[in-house]
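# Overview (structure and organization)
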Amino acid sequence: MTRTPVNVTVTGAAGQIGYALLFRIASGHLLGADVPVKLRLLEIPQAVKAAEGTAMELDDCAFPLLRGIEITDDAEVAFDGTNVALLVGARPRAKGMERGDLLEANGGIFKPQGKAINDRAADDVRVLVVGNPANTNALIAQAAAPDVPAERFTAMTRLDHNRAISQLAKKTGSAVSDIRKLTIWGNHSATQYPDIFHAEVAGKNAAETVSDEQWLADEFIPTVAKRGAAIIDARGASSAASAANAALDHVFTWVNGTPEGDWTSMGIPSDGSYGVPEGLISSFPVTCAGGAYEIVQGLEINDFSRGRIDSSVKELSEERDAVRGLGLL
Ligand code: NAD
Ligand code: LMR
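Residues numbered from 1 in each chain as written. Chains lettered and ligands numbered in written order. Predicted model: local features only at pLDDT ≥ 70, side-chain atom pairs only at ≥ 80, totals over all residues. Heavy atoms only, no water.

### Observations concerning the overall build of the chain
- For the chain, the count of helices and strands is 11 helices and 14 strands.
- For the chain, the C-alpha radius of gyration of 19 Å lies close to 20 Å, the compact-globule estimate for 329 residues.
- With the C-alpha coordinates aligned to their principal axes, the bounding extent of the chain is approximately 50 × 50 × 40 Å.
- The buried share of the chain, taken over its 329 residues, is 53%.
- Long-range contacts, defined here as pairs at least 24 residues apart, represent 72% of the contacts in the chain between residues at least 6 apart.
- For the chain, the accessible area works out to roughly 14200 Å², and carbon and sulfur atoms hold 49% of it.
- Mean positive and mean negative side-chain charge positions of the chain (30 and 42 charges, respectively) differ by 3 Å. (Helix = DSSP H or I, 4+ residues; strand = E, 2+ residues; numbered from the N terminus. Rg over C-alpha atoms; globule rule 2.2 N^0.38 Å. Buried < 20%, exposed > 50% of the residue type's maximum accessible area, 1.4 Å probe, protein only. Contact = heavy atoms within 4.5 Å. Areas by Shrake-Rupley, 256 points an atom, 1.4 Å probe, with all protein chains shown as cover. Lys, Arg positive; Asp, Glu negative; His and termini not counted. Charge placed at Lys NZ, Arg CZ, Asp CG, Glu CD.)

The following block contains the structure:
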């Protein structure tokens, strides 16, 4: 059967995540091994030539699923008819830049991109924001797209989720495939809370299996939450292949579903669950089925977790207030 290609837009396509992402999208790792794709690459004018170079390499791979590549510096063109939008390009924090300056600079990127998605994207568009500060950039884009259902705007915490699985597997001497039901709550920042109280290691409760609150508080949580900074320190550049891998995981799971008996973590607009103010784009445990996600309900939140979730959510509220003050919402 011939399938209609899915239009996938990648912003910041000439960046390091873009380079790690595009070849895997074109080889079927975003949507599935039988789903053809058309790529739209959005870049700033100075980086269009580099994106053209990447497109030449994509051509040279002769990927059977890749049905076209378009490169542009115009968001209206990039998001025309798009089904999956991966918003990777963002303004990095420069020396001496205050948080407000960073939020404002990113507002200048995500607000027009949100509007272009609103005006041009396909009805079924799904948006993943990777560019930092990812949760608040997603909120800005969503606010500029009132005609798109709010739940289609998501932010990436899957890298944090994957990092946490890996650390827990190491600590317990188990395989990553033995870990289930881990949760990242809150912001994709150092305040995030990786929660193992509901997680399982080979079917047994992870917190009981580890039974080491000091490791949890002093090693596991800081290692996961500060992993991005540790990678920048070691590599001299932020995570790229692991970030691209997490973006693929996020969209693949959203579209194709979570495995039976497991869940994942996604930054999504809060419906007020677990005391997270409605509308904030915060990370939650979610299950996915039929191309939609649902927050896992009914988890008991102990005092250890409550304080940590609340402090990450407080940071998200402050970021929202800051961008509101800048007229970006
Ligand atoms: P990079 O600097 O290598 O690439 C960014 C690219 O975006 C550049 O090519 C730049 O020209 C482009 N760009 C800038 N403004 C643009 C615009 N308005 N439209 C289109 N393209 C634009 O950065 P990178 O390493 O690829 O990282 C990209 C972003 O992802 C950063 O914000 C980084 O902090 C973030 N990140 C997020 C996570 C996460 O887990 N959420 C993980 C890693 C990195
Ligand atoms: C990461 O978690 O690796 C990145 O978000 C770090 C960064 O600041 O780019």
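### Thoughts on helix H6 (residues 158-172)
- The first and last C-alpha atoms of H6 sit 21 Å apart over 15 residues, in line with the 21 Å expected at 1.5 Å per residue.
- Regarding H6, the residues found buried are Arg158, Leu159, Asp160, His161, Arg163, Ala164, Ile165, Gln167, Leu168 and Ala169. (Expected span 1.5 Å × (residues − 1).)

### Points about the site of ligand 1
- As a matter of local geometry, ligand 1 sits amid 23 residues, with Gln16, Ile17, Glu43, Val130 and Asn132 nearest to it.
- In this structure, an oxygen atom belonging to ligand 1 sits 3.0 Å away from a main-chain N or O atom of isoleucine 17.
- Between asparagine 132 and ligand 1, the recorded distance is 2.8 Å, taken from a side-chain N or O atom to an oxygen atom.
- Protein burial of ligand 1: of its 860 Å² of free accessible surface, 81% is covered by the chains. (Near = heavy atom within 4 Å. Polar contact = N/O pair within 3.5 Å; in protein donor to acceptor, adjacent residues only side chain to side chain.)

### Concerning the side chain of glutamine 192
- Among the secondary structure elements, glutamine 192 is positioned in the loop between strand E8 (183-185) and strand E9 (193-195).
- Given a relative accessible area of 3%, glutamine 192 falls into the buried group.
- A polar atom in the side chain of glutamine 192 sits 3.0 Å from the side chain of aspartate 160.
- The contacts of glutamine 192, once residues within four sequence positions are left out, are Asp160, Ile184, Trp185, Asn187, Val224, Ala225 and Ser312.

### Here's the deal with the environment of alanine 230
- Tracing the backbone through its elements, the reader meets alanine 230 in helix H9 (residues 227-235).
- For alanine 230, a relative accessible area of 41% puts it in the partly exposed group.
- It is 24 Å that separates the C-alpha atoms of alanine 230 and phenylalanine 284, two residues lying 54 residues apart in sequence.

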